[in-house]
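Survey of secondary and tertiary structure
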Amino acid sequence: MKRSKFIQSLGLGAGGLILPKAYLSTKPILIYDNYVRGLEFYNFRKLRQEIKEGDPIFLIREEDNMHDSFATAIYYADYKLGYIPAYENIVIANMLDAGAELNTNVSSVDLETGLQYALAIQVFAELVIPTDKLVKVWKEDKRADDAPDLYREY
């Protein structure tokens, strides 16, 4: 099997476990940016002067939520603030269920508006991308035995 086909057959997800970091890198991709729902029912009023743009927040799946089987709660430290709206939470819930690492932070705080638009969050996923070194290996399209090294020299 040619080296490029072998590496491609591993897939980048599995390849990240085997390939050196020189072959793969990551890039944060914004996958969600919208307002938090339910602020009036949780701890936002108590924390609103403390929360600032850029602050990290956490997403917790609530699989047993009786109102929404894709419920994804939003936490600031140990305090629940609300939820990702039900009409937008399916993809993020599935990603969390699959073990995807998502990075989240506060994207805006506006204390002058009503609670419906007072707090927005951003969610980023890490996209695994090949480095130029891996692309070069793919393009070489040689067999592994054709690679030059001292062992193979006669």
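To keep things clear, this report deals only with the structure shown in the data block. Quantities reported herein were computed from a predicted structural model and do not represent experimental measurements.

Each value, and the rule that gives it
- Think of each chain on its own: its residues are numbered from 1, step by step along the sequence as written.
- Only residues with pLDDT of 70 or above have their local features reported here, since the model is predicted, and side-chain atom pairs are shown and tallied only from 80 upward, although totals for entire chains, interfaces and linings are computed over all residues.
- Remark: hydrogens and water are excluded; side-chain values derive from all non-hydrogen atoms of the structure.
- For this document, the term salt bridge refers to a Lys or Arg side-chain nitrogen within 4 Å of an Asp or Glu carboxyl oxygen.
- Secondary structure elements are defined from DSSP: runs of H or I of at least 4 residues count as helices, runs of E of at least 2 residues count as strands, and each element is numbered from the N terminus.
- Exposure classes here rest on a 1.4 Å probe applied to the protein chains alone. A residue is buried below 20% of its type maximum, exposed above 50%, and partly exposed in between.
- Planes of paired rings set the category: under 30 degrees apart is stacked, over 60 is edge-to-face and the rest tilted, where pairs are Phe, Tyr or Trp rings (Trp by its six-membered ring) whose centres lie within 6.5 Å.
- Any two strands are treated as partners once DSSP identifies two or more bridges connecting them.
- To get an axis, fit a line to the C-alpha atoms, keeping to the stretch in contact for a helix; angles then go from 0 to 180 degrees between the N-to-C directions.
- In what follows, a contact means two residues having at least one pair of non-hydrogen atoms within 4.5 Å.

1. Section: the pattern of salt bridges
Taken as a whole and assessed by the stated rule, the structure comprises 2 salt bridges. A salt bridge links E62 to K80, with the shortest nitrogen-to-oxygen separation between them at 2.9 Å. Here the residue E62 occupies a position in the loop between strand 2 (58–61) and strand 3 (72–76), and K80 occupies one in strand 4 (residues 79–83), the gap between them amounting to 18 residues. Of the residues examined, E62 reaches a relative accessible area of 17% and is grouped as buried.

2. What to know about the environment of G114
Tracing the backbone through its elements, the reader meets G114 in the loop between strand 5 (102–109) and strand 6 (119–130). On a C-alpha basis, the gap between G114 and E40 in space is 9.8 Å, while along the polypeptide they are 74 residues apart.

3. Some points on the packing of aromatic side chains
What the rule picks out here adds up to 2 aromatic pairs. Their ring planes at 80° and their centres at 5.0 Å tell us that Y35 and Y117 sit as a pair that is edge-to-face. Here Y35, found in strand 1 (residues 24–35), pairs with Y117, found in the loop between strand 5 and strand 6; they are 82 residues apart in sequence, far enough to count as distant. Here Y35 falls in the partly exposed class, since its relative accessible area comes to 27%. In this structure Y117 comes out as partly exposed when scored by relative accessible area, which is 41%. Seen in terms of ring centroids, Y42 and Y83 are 5.9 Å apart; in terms of plane orientation they differ by 70°. Their pairing is edge-to-face. Taken together, the residues Y42 in the loop between strand 1 and helix 2 (44–47) and Y83 in strand 4 connect sequence positions 41 residues apart.

4. Re the sheet that holds strand 2
Strand order in this open sheet of 3 strands is 2-3-4, and the pairing throughout is antiparallel. If you trace the sheet from one side to the other, it starts and ends with strand 2 and strand 4, each paired once. On average, each strand axis in the sheet is tilted by 35° relative to the strand beside it, whichever way the strands run. Examined bridge by bridge, strand 3 and strand 4 share 4 bridges and lie antiparallel to one another. Each residue of the ladder has a partner; that of Y75, found in strand 4, is K80. Sitting on the sheet, helix 3 (residues 90–97) touches strand 2 and strand 3, and the angle it makes with strand 2 is about 85°.

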